[in-house]
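Understanding the architecture of this molecule
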Amino acid sequence: VALYSLGEGIGLTTKGAASLLSLLTFDRHYIETQVKIRQGKSIHSLGQGVMEASRSLAEGLLGIFDIVRQPYRGARDSGVRGFVVGVGRGAVGTVVKPISKVGEAISDVGHGISAQAAPDKHAKRRRGAWQRRRLPRLVSGGGRAMRPYSRL
C-alpha cells in the first residue's frame, strides 16, 4: 500500500508540473496535443509506464529542434513578425519542452508503479460484498443494558 501511495503521489505531482511547464511554451498546437496525449494515456502496469515514459523522452528530444522549427513556422504563417515571434517561442520551447517531457516520463513511471502495486481489485470486491449478519442494536436506559436482538 505504501508503494502504491508513493507511486501515485509521484505520478500526480510530476504530471501537474509537466502540464504547467508545457503552458510556458506558448505553442497552442503543442499544448492541445499534450492535453490529448495525457487524456489518452491508460497505464495499468509498470511495463506500460516505462513504455510511455520512453515515448515521452523521445518527444522531449524532438522539442530541441524548436529553435529551427518555430521561426520557420512563424515566417511561413506571418512573415517577418512571425519569424521574430518564432525565434522567441523556439528558444523557450527548446528548453521547456524537454524538461516537461522528463517530468511526464517520471509521471508515467510513477503511475506504472502505483498500478503495479495497487491492491487486488478482486479482494476489494470481496470485502465490499460483506454484509452485516445482524443489524446494530440500540443501547438504552439508565443502566445502558442491551436489549435482546429481535428482527421486529
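This text gives an overview of the structure that appears in the document. (Residues numbered from 1 in each chain as written. Predicted model: local features only at pLDDT ≥ 70, side-chain atom pairs only at ≥ 80, totals over all residues. Heavy atoms only, no water.)

Let's talk about the overall build of the chain
Secondary structure summary: the chain contains five helices and two strands in total. Its helices and strands in sequence order give the chain the pattern α-α-α-α-α-β-β, from N to C terminus. By residue count, 27% of the 152 residues in the chain fall in the buried class. A separation threshold of at least 6 residues defines the contact pool for the chain, and within that pool the share at least 24 residues apart is 72%. When the accessible surface of the chain is totalled, it reaches about 10700 Å², and 64% of it is carbon and sulfur. (Helix = DSSP H or I, 4+ residues; strand = E, 2+ residues; numbered from the N terminus. Buried < 20%, exposed > 50% of the residue type's maximum accessible area, 1.4 Å probe, protein only. Contact = heavy atoms within 4.5 Å. Areas by Shrake-Rupley, 256 points an atom, 1.4 Å probe, with all protein chains shown as cover.)

As for the pattern of salt bridges
Close approach of charged atoms allows side chains of opposite charge to pair. In the structure shown here, the tally under the stated rule is six salt bridges. Of the charged contacts, one joins arginine 55 and glutamate 52 as a salt bridge, the two residues approaching to 2.9 Å between their closest N and O atoms. Of this pair, arginine 55 and glutamate 52 are both found in helix α3 (residues 46-62), three residues apart, which corresponds to roughly one turn of the helix. By relative accessible area, glutamate 52 is classed as buried at 16%. (Salt bridge = Lys/Arg side-chain N within 4 Å of Asp/Glu carboxyl O.)

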